[in-house]
Amino acid sequence: MRVTSKKLAAWVTVAMAVISFSRVAVLFLESLSVVREERNADYDLLELCRSGSAKASPKMRTACLQANAERASPVVLKAIVRAVSTTFREFADSVSSPFGFATVALFVISSLVLPVIPMIKAITGTWRGGRIQELHRDLDYDSDDLETHQHVVMVPGMKRRPSYLLRNGAGENGA
C-alpha cells in the first residue's frame, strides 16, 4: 500500500484533532470533578450557616453568602468556565515565549489568512468586471458565423481545442 502526501497529511490532521478533543474532554471532566468536590466540601459550612452559628460574625456571613452563591450555579456550566479558563492559562503560558508567539502567528496566517486571499481575489476580480468582460468578449459572434450557420460554444476556463468545440449542423457548410 502506497502512502501519498495527501493521505499522510489527512492522517496527521485526524490524529491532531483526536488529541485536541481528548485534551478538551479531559479538562472538562477534571473541572467537573473539582467543582463537585468543592461543593461536597462546603456541605458542612452550609449546615453551620443553616443552624445559625456565629450569626454576628461578618466573616461567617461572608463565607455563608459565598458558599450559597457558588452552590446556585449549575455544576456543568461552572465546569465549562473552569475548563476554558484553564485552557486559556495554558495557551498564555505556551505563547509567552518568542518561539510560542511565532508558532501562533504562523498558525493564524496559515489557517485564516492564506485561504481567504484567493477568495478576496476572486471577489474583487468579479466586482471589477474583469472576468465578466472576458466572457462577453468570448461570446461575441461575427456576422460570418451567422451566415454559415456555425456556432461555437465556448466553456469558460477551457482551452480552445477542437475537442471542446461543438458545431451546430451536420457539415462544414451547415448542410
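Residues numbered from 1 in each chain as written. Predicted model: local features only at pLDDT ≥ 70, side-chain atom pairs only at ≥ 80, totals over all residues. Heavy atoms only, no water.

1. Quick notes on the overall build of the chain
Helix and strand counts for the chain stand at seven helices and zero strands. Sequence-ordered secondary structure for the chain, helices as α and strands as β, is α-α-α-α-α-α-α. Taking all 175 residues of the chain together, 10% fall into the buried category. Considering only contacts in the chain between residues 6 or more positions apart, those separated by 24 or more positions represent 47%. For the chain, the exposed area adds up to about 14300 Å²; of that, 66% sits on carbon and sulfur atoms. (Helix = DSSP H or I, 4+ residues; strand = E, 2+ residues; numbered from the N terminus. Buried < 20%, exposed > 50% of the residue type's maximum accessible area, 1.4 Å probe, protein only. Contact = heavy atoms within 4.5 Å. Areas by Shrake-Rupley, 256 points an atom, 1.4 Å probe, with all protein chains shown as cover.)

2. Quick notes on the environment of P74
Following the sequence through the fold, P74 ends up in the loop between α3 (58-72) and α4 (75-95). On the basis of relative accessibility, which here comes to 46%, the residue P74 falls in the partly exposed class. As for P74 and V35, which are separated by 39 residues in sequence, their C-alpha atoms are 9.9 Å apart.

3. A closer look at the state of the cysteines
Under the defined criterion, the tally for this structure stands at one disulfide. With a sulfur-sulfur separation of 1.7 Å, C49 is cross-linked through a disulfide to C64. With the S-S dihedral at roughly -90°, the linkage between C49 and C64 falls on the left-handed side. Here C64 lies in helix α3 and C49 lies in helix α2 (residues 43-51), a separation of 15 residues in the sequence. The burial state of C49 is the same as that of C64; both residues are buried. (Disulfide = S-S within 2.5 Å.)

4. Comments concerning the side chain of S31
Within the element layout of this structure, S31 appears in helix α1 (residues 5-41). Judged by its relative accessible area of 5%, S31 falls in the buried class. Among residues more than four places away in sequence, those in contact with S31 are A79, R82 and A83.

5. Side note on the packing of α2 against α3
If you want to describe how two helices pack, look at the angle between their axes and the distance between the axes. Relative to each other, α2 and α3 sit at 120°, their axes nearing to 10 Å. The angle between α2 and α3 falls in the class oblique. For the pair α2 and α3, the sense of crossing is left-handed. In this structure, α2 uses L45, L46, L48 and C49 to contact α3, whose residues at the interface are M60, A63, C64, A67, N68 and R71. Residues of the contact of α2 with α3, tallied by class, amount to eight nonpolar, one polar and one charged. (Axes fitted to C-alpha atoms, helices over the stretch in contact; angles between N-to-C directions. Parallel < 35°, antiparallel > 145°, perpendicular 65-115°, else oblique. Left-handed = near helix turned anticlockwise from the far one by under 90°. Nonpolar A, V, L, I, M, F, W, Y, C, P; charged D, E, K, R; others polar.)

6. Quick word on the confidence of the model for the chain
Model confidence for the chain is summarised by a mean pLDDT of 77, while 71% of its residues fall at 70 or above. Mean pLDDT values over the elements of the chain span from 51, in helix α7 (residues 143-147), up to 90, in α1. (pLDDT = per-residue confidence, 0-100.)

7. Some words on the pattern of salt bridges
Scanning all chains against the criterion turns up four salt bridges. When the shortest N-O distance is used, the salt bridge between E90 and R23 registers 2.3 Å. Residue E90 is found in helix α4, and its partner R23 is found in helix α1; the two are separated by 67 residues along the sequence. Judged by its relative accessible area of 36%, E90 is partly exposed. Owing to a relative accessible area of 36%, R23 belongs among the partly exposed residues under this scheme. (Salt bridge = Lys/Arg side-chain N within 4 Å of Asp/Glu carboxyl O.)

8. Looking at α1
With 37 residues, α1 ought to run about 54 Å at 1.5 Å a step, and its terminal C-alpha atoms sit 54 Å apart, in line with that. Among the residues of α1, L27, S31, L32, V35 and R39 are the ones counted as buried. On its buried face, α1 is in contact with α2, α3 and α4. (Expected span 1.5 Å × (residues − 1).)

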